[in-house]
Amino acid sequence: MGTIEDLKLVSKTAVQRLRKQKLENGKPFLVWSKRLPKEQSYLEYPDKSIKIVKVSPTLRSFIVIRELTDLQVQAIRREFDLY
């Protein structure tokens, strides 16, 4: 069995691969953050924009709350290592 660090690395690699696939296929990628209210998340789009969205309880739809400014997008990319 691997160490916690090994599991974290495997998890991070899997999420990065899924993010890349979704964005390359023209689909947005949902980024969860403890800093946002429970029902809200960041939604990263293939055009590099990021919006804050309110996700439905069924996870099948969302409502855009607001689009982030370029400076806010840069900060989120640094925080979550989204390069």
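Residues numbered from 1 in each chain as written. Predicted model: local features only at pLDDT ≥ 70, side-chain atom pairs only at ≥ 80, totals over all residues. Heavy atoms only, no water.

Caption draft 1: Seen up close, the overall build of the chain. Check the secondary structure of the chain and you find two helices and four strands. The order of α-helices and β-strands along the chain, N terminus first, is α-β-β-β-β-α. Counting only C-alpha atoms and orienting by the principal axes, one finds that the chain spans roughly 40 × 30 × 25 Å. Expressed as a percentage of its 83 residues, the buried residues of the chain come to 29%. Long-range pairs, those at least 24 residues apart, make up 24% of the contacts in the chain between residues at least 6 apart in sequence. Accessible area of the chain: about 6,600 Å², with a carbon and sulfur share of 58%. (Helix = DSSP H or I, 4+ residues; strand = E, 2+ residues; numbered from the N terminus. Buried < 20%, exposed > 50% of the residue type's maximum accessible area, 1.4 Å probe, protein only. Contact = heavy atoms within 4.5 Å. Areas by Shrake-Rupley, 256 points an atom, 1.4 Å probe, with all protein chains shown as cover.)

Caption draft 2: The arrangement of the environment of T58 in detail. Structurally, T58 is set in the loop between β3 (50–55) and β4 (62–67). Given the relative accessible area of 56%, T58 is considered exposed. Between the alpha carbons of T58 and P37 there is a distance of 17 Å; along the sequence they are 21 residues apart. Looking at T58, its side chain comes within polar contact range of the side chain of S56, at 3.1 Å. (Polar contact = N/O pair within 3.5 Å; in protein donor to acceptor, adjacent residues only side chain to side chain.)

Caption draft 3: A look at the side chain of K51. Looking at where K51 falls in the secondary structure, it is placed in strand β3. E67 is the oppositely charged side chain nearest to the buried, salt-bridge-free K51, at an N-O distance of 4.3 Å. Residues within four places of K51 in sequence aside, it is in contact with S41, Y42, L43, Y45, V64, R66, E67 and L68. (Lys, Arg positive; Asp, Glu negative; His and termini not counted. Salt bridge = Lys/Arg side-chain N within 4 Å of Asp/Glu carboxyl O.)

Caption draft 4: How the structure looks around the packing of aromatic side chains. Scanning the entire structure with this criterion turns up one aromatic pair. Taking the centre distance of 6.2 Å and the plane angle of 65 degrees together, the rings of Y42 and F80 count as edge-to-face. In this pair, Y42 is assigned in strand β2 (residues 40–44) and F80 in helix α2 (residues 70–80), connecting sequence segments 38 residues apart. Overall, the relative accessible area of 26% leaves F80 in the partly exposed class. (Phe/Tyr/Trp six-rings, centres within 6.5 Å; stacked < 30°, edge-to-face > 60°.)

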